Amino acid sequence: MERYSDYDDFAQVYNRHWGGFSIRIIPILEQMALDVCPPGSAILDLCCGTGQLAKELATCGYTVTGVDGSEKMLRHARQNAPNANFYCADARSFSLPTDFAVVLSTYDSLNHLLTLEDLATVFHNVYRHLQSGGVFVFDMNLDAGFRSRWAGSFSIVADSSVVVVDARYDEDERLATMTMTLFTPADEDNTLWQRNDVTLTQRAYSVEELTETLAGAAFSKIEAFDGRGDFAMRDEGRAFFRAIKR
Ligand SMILES: C[S@@+](CC[C@H](N)C(=O)[O-])C[C@H]1O[C@@H](n2cnc3c(N)ncnc32)[C@H](O)[C@@H]1O
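Residues numbered from 1 in each chain as written. Predicted model: local features only at pLDDT ≥ 70, side-chain atom pairs only at ≥ 80, totals over all residues.

## What to know about the domain arrangement of the protein
Annotation of the protein at the domain level lists domain 1 (8-141 + 205-245) and domain 2 (144-203). Taken over C-alpha atoms, the centre of domain 1 sits 23 Å from the centre of domain 2. At four residues, helix H1 (residues 11-17) tops the list of elements feeding residues into the side of domain 1 that touches domain 2. Counted by class, the side of domain 1 that touches domain 2 contains four nonpolar, six polar and six charged residues. (Domains from an automatic or database assignment. Helix = DSSP H or I, 4+ residues; strand = E, 2+ residues; numbered from the N terminus. Nonpolar A, V, L, I, M, F, W, Y, C, P; charged D, E, K, R; others polar.)

Following this line, the structure appears as structure tokens:
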């Protein structure tokens, strides 16, 4: 199985402009899992990206491990969260010697799994890495989220990056595509700039599909929450899931 590494050329810009999402949802993660998880507990941040959440969790006294498929995202994660341990591996096939009290996966990372079979493989793998009674929490973009947010273009112009994003959603295929053209300085005085083109793809799953797939991986007490209705988020069509290992 090929390791997922599509974020490699996006890492520097992600770290600067996208890394704040997981920090903003910490109150939700507290409510869903962390409030009953004592400091010192082992937490896995699956698809940890550039490590902003890992940093906060480590600062709170948790023993934090991050796994991500992109080595370049992990380079930022290691700088941002020097007290956490990071492994470059695919969510479908990672294998660690630790059992975790909590596994988190934030910012619709698992929408990047493009088939229910691959998603089921991830859920089985997470289950295997949880302690008995352990909690798995993740968020996903649903169909409504892609319709409202993955539609059209925007750009970011900053001192050390220029980003042009075009997002599309194919409602029939339930496939969302984000095409990005990124410019970043290639030398210290910003006279030479490098261009990278990155395409990211996500698939929409229904709450029923996700709940059934979690149940198929032996999870129990599966609950789905609506980001807007349950947690007063601005985002439409973002769902949060909590599932327990028996
Ligand atoms: C939108 S970013 C979220 C990063 C981080 N969780 C956050 O909240 O900022 C998605 C991350 O998932 C990772 N990812 C996606 N599919 C993966 C897979 N199959 N295995 C490992 N990492 C994966 C990407 O490399 C990327 O870092």
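## Re the sheet that holds strand S8 (residues 175-185)
Read from one edge of the open sheet, four strands run S6-S7-S8-S9, paired in antiparallel fashion. At either margin of the open sheet sits one strand with a lone partner, and together these are strand S6 (152-158) and strand S9 (193-203). Strand-to-strand twist across the sheet, computed as the mean angle between neighbouring axes with direction ignored, equals 15°. Judged from the nine bridges that link them, strand S7 (residues 161-170) and S8 form a sheet pairing that is antiparallel. Along S8, the bridge assignment pairs Val-162 with Phe-183. (Pairing = 2+ DSSP bridges. Axes fitted to C-alpha atoms, helices over the stretch in contact; angles between N-to-C directions.)

## A closer look at the nonpolar core
Counting 67 residues, the largest nonpolar core has Ile-43, Leu-46, Ala-54, Val-103, Phe-136 and Val-137 as its most contacted members. Ranked by residue count, the leading element in this core is strand S5 (residues 130-141), at six residues. Split by domain, this core shows at least three residues from each of two domains, domain 1 (8-141 + 205-245) and domain 2 (144-203). Contact partners of Val-103, with chain neighbours within four places excluded, come to Leu-44, Leu-46, Val-126, His-129, Leu-130 and Phe-136. (Core = buried A, V, L, I, M, F, W, Y, C linked by C-beta atoms within 7 Å. Buried ≥ 20, exposed ≤ 12 C-beta atoms within 10 Å, placed from the backbone. Contact = placed C-beta atoms within 7 Å.)

## Topic: the site of the ligand
Close to the ligand lie 20 residues, the nearest being Tyr-4, Cys-47, Gly-49, Gly-69 and Tyr-107. Residues of the shell around the ligand, tallied by class, amount to nine nonpolar, eight polar and three charged. (Near = placed C-beta within 6 Å.)

## Comments concerning the sheet that holds strand S1 (residues 42-46)
Taken in spatial order, the seven strands make up an open sheet running S3-S2-S1-S4-S5-S11-S10, and their pairing is mixed. A strand with exactly one partner marks an edge of an open sheet, and here the two such strands are strand S3 (85-88) and strand S10 (219-226). For this sheet, the mean angle separating the axes of adjacent strands, direction not counted, is 15°. Here five bridges tie strand S4 (residues 100-105) to S5, and the two strands are oriented parallel to one another. Within S5, the position partnered with Val-102 by the bridge is Val-135. Each of strand S2 (63-68) and S3 touches helix H5 (residues 71-80); the most contacted strand, S3, lies at about 175° to it. Seen against the sheet, helix H6 (residues 116-128) touches S1, S4, S5, S10 and strand S11 (238-245) and runs at an angle of roughly 145° to S5.

## Some points on the environment of Gly-20
By secondary structure assignment, the location of Gly-20 is in the loop between H1 and helix H2 (21-24). Judged by C-beta crowding, with 11 C-beta atoms within 10 Å, Gly-20 ranks as exposed. A sequence separation of 63 residues divides Gly-20 from Asn-83, and the C-alpha atoms of the two residues are 19 Å apart.

## A word on the pairing of S1
Burial runs high along S1: five of the five residues are buried. Residues Ala-42, Leu-44 and Leu-46 line one face of S1 and the alternating positions Ile-43 and Asp-45 line the opposite face, and both faces are buried. In terms of strand pairing, S1 meets S2 through five bridges, oriented parallel. In the strand pairing of S2, Asp-45 is matched with Gly-66. Relative to S4, S1 runs parallel, the two being bridged by three bridges. In the strand pairing of S4, Ile-43 is matched with Val-102.

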